[in-house]
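In case you want the letters, here they are:
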Amino acid sequence: MSASPSSSSAAQAAREALAARLAHLMRDAGLTGRALSARCGWHPAKTSRILTAKATPCDADLRAWTTACGAEEQAEDLIATARAVDSMYMEWRRLHRAGMRRAQDDAPARTAASLTCRVYASNVIPGFFQTAPYATALLRTIAGFQGTPDDVEEAVAARLARARYLYEGRHRFVVLLEEWVIHPRIGSGGGDGRPARAPADRHAAAVRLARHHPPRQPACGVAAGGLLPLRPHLG
């Protein structure tokens, strides 16, 4: 069985989970973001960045946050969680130091060796569903942000090679996507300034595969136009 590897997506998901914990603490204390900011002695924009998972709070931030919420006993656990998030981002940057291609090389072997691949994606389409334009726009954005060597074309080719496992062998893919992932946001579409569309052809392939291999207890519906929203299944 394979899960999505430690990557930018996994690191961001961990940061979002930390932000959710901090939001719960704030609400349990009956505080608004502005009130918490005043108690902590910083600008409300900082609180917003933390709550929207755009920034990871440092040790001092977390001690101030828990003190403001009357939950000092949770400070050390939250600090350990934040340090783990930072470690994930550092590992991601280390893998990309020499370019994007190297980070793609291990994925096909992991997928080939796995009967079941489970993926949760909160921000981008999983790699094996990506098309060339989508992957190129995404990886070029990441490379530009990190300032890493531009080997995007080679990295895209390596990433697209994973798509064959959707059709080869007896692999099973269990994928949970946030709804906003499938809306166009990545890169530009054909130079007209519009965001590149999410890879609809891969979605259609997923639908066809789901029809041929339906789950015994489906938690989501499949229709001709695409994947329907996830609904709770009570077994």
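No experiment lies behind these values; they were computed from the predicted model shown. (Residues numbered from 1 in each chain as written. Predicted model: local features only at pLDDT ≥ 70, side-chain atom pairs only at ≥ 80, totals over all residues. Heavy atoms only, no water.)

**Digging into the nonpolar core**
The condition that has to hold: Grouping buried Ala, Val, Leu, Ile, Met, Phe, Trp, Tyr and Cys residues that are joined through side-chain atoms within 4.5 Å yields what is termed a nonpolar core. The cut-offs for exposure are 20% and 50% of the maximum accessible area for each residue type, with area from a 1.4 Å probe on protein chains only; residues under the lower value are buried, those over the upper are exposed, and the others partly exposed. In this description a helix means any DSSP run of H or I spanning at least four residues, a strand means any run of E spanning at least two, and both kinds are numbered starting from the N terminus. Whether two residues are in contact is decided by their heavy atoms, any of which lying within 4.5 Å being enough.
Met-100, Phe-128, Leu-139 and Phe-173 are the most contacted members of the largest nonpolar core, which totals 20 residues. Sorting the residues of this core by element identifies strand E2 (116–121), helix H7 (132–146) and helix H8 (152–160) as the ones contributing at least two each. Broken down by element, the residue count for this core peaks at six residues, all from H7. Setting aside residues no more than four positions away along its own chain, Phe-173 makes contact with Thr-111, Cys-117, Phe-128, Tyr-165 and Leu-166. Counting residues in hydrophobic clusters, the runner-up holds 17 residues, among them Leu-18, Leu-22, Leu-62 and Leu-78.

**What about the confidence of the model for the chain?**
Convention followed: pLDDT is a per-residue confidence score from the predictor, ranging from 0 to 100.
Within the chain, residue pLDDT values average 75, and 68% of them lie at 70 or more. Here residues 1–6 scores under 50 on pLDDT; set against residues more than four positions off or in separate chains, the count is 14 contacts. Within the model, the stretch residues 188–195 combines pLDDT values under 50 with 11 contacts to residues more than four positions away or in other chains.

**Some words on the packing of helix H2 (residues 33–40) against helix H4 (residues 59–68)**
Each pair of packed helices can be summarised by the angle the axes make with each other and by the distance between the axes. As a reminder of what qualifies: Between N-to-C directions, angles span 0 to 180 degrees; the directions come from axes that are lines fitted to C-alpha atoms, helices contributing only their stretch in contact. Handedness of a helix crossing follows the sense of rotation of the near helix relative to the far helix, less than a right angle counterclockwise being left-handed and clockwise being right-handed. Classification convention: Asp, Glu, Lys, Arg as charged; Ala, Val, Leu, Ile, Met, Phe, Trp, Tyr, Cys, Pro as nonpolar; all other residues, Gly among them, as polar.
Running from N to C, H2 and H4 cross one another at 115°; their axes reach a closest spacing of 9 Å. Crossing of H2 over H4 shows right-handed handedness. Contacts from Leu-36, Arg-39 and Cys-40 of H2 reach H4 at Ala-64, Trp-65 and Ala-68. Counted by class, the contact of H2 with H4 contains five nonpolar, no polar and one charged residues.

**A closer look at unusual backbone geometry**
With a phi close to 60°, Ala-53 is a non-glycine residue in the positive phi region. As for its placement among the helices and strands, Ala-53 is situated in the loop between helix H3 (44–51) and H4.

**Quick word on H2**
Quick note on the threshold: The directions considered for the arc are those from the helix axis to the C-beta atoms.
Listed in full, the buried residues belonging to H2 are Leu-36, Ser-37 and Cys-40. Around the axis of H2, the buried residues are gathered within 100° of arc, so they sit on the same side. Away from the buried face of H2 by more than 90 degrees, exposed residues Arg-34, Ala-38 and Arg-39 are located. Two residues or fewer past H2, Gly-41 is found with a positive phi of approximately 80°.

**Describing the pattern of salt bridges**
Going by this rule: Each reported salt bridge corresponds to a side-chain nitrogen of Lys or Arg within 4 Å of a carboxyl oxygen of Asp or Glu.
Using the criterion set out here, one finds four salt bridges in the structure. Where Lys-46 meets Asp-61, a salt bridge forms, and the shortest distance between an N and an O atom there is 2.8 Å. Here Asp-61 lies in helix H4 and Lys-46 lies in helix H3, a separation of 15 residues in the sequence. Its relative accessible area of 23% is what places Lys-46 among the partly exposed residues. Of the residues examined, Asp-61 reaches a relative accessible area of 10% and is grouped as buried.

**Some thoughts on the side chain of Thr-47**
With respect to the helices and strands, Thr-47 occurs in helix H3. Here Thr-47 falls in the buried class, since its relative accessible area comes to 2%. Non-local contacts of Thr-47, meaning those with residues more than four positions away in its chain, are made with Gly-33, Leu-36, Ser-37, Trp-42 and Trp-65.

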